[in-house]
Amino acid sequence: MAGVEARGFDAPDETRTPDKTRVEVIRMGGATAARYTFEPGWKWSECVKPVVGTDSCQVRHVGVIRSGRLHVAHEDGSEVDVGPGDAYVIEPGHDAWVTGNERVVAYEFESRA
């Protein structure tokens, strides 16, 4: 494994495209980076829930918003709005939706090393 590795999202290892959703995933060096794009009108419970079949999103998210605004409602009652430049950690058990008319672009990271 190289000491330094860099890749762009122009050739991701995996692309997922549920309704109003595009997720591009890159895997390298024991880590995963993903670019999430949500169109205006996107809501997890309407666009992704039918694909995964759980009542709420059961994935932990660690990332940063590049553009657009996202509202997150957790089943513990906490809620937050995140926008450009905001870093976030979202624990499993949540719904989320785009607020406003701008597409959301977010980058997320996970390390297994």
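In case you missed it, the structure is sitting above this.
Attention now goes to the packing of aromatic side chains. In total, this model carries 3 aromatic pairs according to the counting rule given. Ring centres of Phe38 and Trp42 lie 3.8 Å apart, and the angle between their planes is 15 degrees; on these two criteria the pair is classed as stacked. For Phe38, a relative accessible area of 8% gives the class buried. Here a set of aromatic residues connected by ring pairs shows up, and it is made of Tyr36, Phe38 and Trp42. Here the basic side chain of Lys43 rests over the ring of Trp97, its NZ or CZ set 4.8 Å away from the ring centre.

Quick look at the environment of Val48 now. Relative to the assigned elements, Val48 resides in the loop between helix H1 (44-47) and helix H2 (49-52). Judged by relative accessible area, which is 13%, Val48 ranks as buried. Spatially, the C-alpha atoms of Val48 and Gly30 are 26 Å apart, while their sequence positions differ by 18 residues. Apart from the residues within four sequence positions on either side, Val48 is in contact with Pro18, Thr21, Trp42 and Lys43.

Moving on: the sheet that holds strand E6 (residues 79-82). With respect to topology, 3 strands assemble into an open sheet ordered E6-E5-E8, the strand pairing being antiparallel. What marks the edges here is a single partner per strand, and that holds for E6 and strand E8 (94-99). Recorded for the sheet is a direction-independent mean angle of 20 degrees between the axes of neighbouring strands.

Side chains of strand E7 (residues 87-90) alternate between two faces, with Tyr88 and Ile90 buried and Ala87 and Val89 left unburied. Inspection of the sheet shows strand E4 (residues 61-67) paired to E7 by 4 bridges, in the antiparallel sense. Counted as the bridge partner of Val64 is Ala87 from E7.

This part takes up the sheet that holds strand E9 (residues 104-111). Across the sheet, which stays open at both edges, the 6 strands sit in the order E1-E2-E3-E9-E4-E7 with antiparallel pairing between neighbours. Looking at which strands have only one partner, the edges of the open sheet turn out to be strand E1 (14-16) and E7. Strand after strand, the sheet turns through a mean of 25 degrees between neighbouring axes, direction not considered.

One ladder, built from 4 bridges, connects E4 with E9; its direction is antiparallel. Bridge assignment links Gly63 to a residue of E9, and that residue is Glu108.

Rules of the game
- The residue count restarts for each chain, going from 1 along the sequence in the order it is written.
- The predicted nature of this model means local features are confined to residues of pLDDT at least 70 and side-chain atom pairs, given and counted, to a pLDDT of 80 or more, with totals for whole chains, interfaces and linings taken over all residues.
- The side-chain figures draw on all heavy atoms in the structure; neither hydrogens nor water molecules are used.
- In summary, the pairing rule links any two rings of Phe, Tyr or Trp, Trp by its six-membered ring, whose centres are within 6.5 Å, and it sorts them by plane angle into stacked for under 30 degrees, edge-to-face for over 60 and tilted for everything else.
- Burial here depends on accessible area, computed with a 1.4 Å probe over protein chains only, as a share of the maximum for the residue type. Under 20% is buried, over 50% is exposed, and the range in between is partly exposed.
- Whether a charge lies above a ring is judged from NZ of Lys or CZ of Arg, which has to be within 6 Å of the ring centre and within 35 degrees of the ring normal.
- Only runs of H or I of at least four residues qualify as helices and only runs of E of at least two qualify as strands under DSSP, and these elements are numbered from the N terminus.
- Two residues form a contact once any of their heavy atoms are found within 4.5 Å.
- Here, strands pair whenever DSSP counts at least two bridges between them.
- Whenever a helix is involved, its axis is fitted only over the stretch in contact; in every case the axis is a line through C-alpha atoms, and angles between N-to-C directions fall within 0 to 180 degrees.

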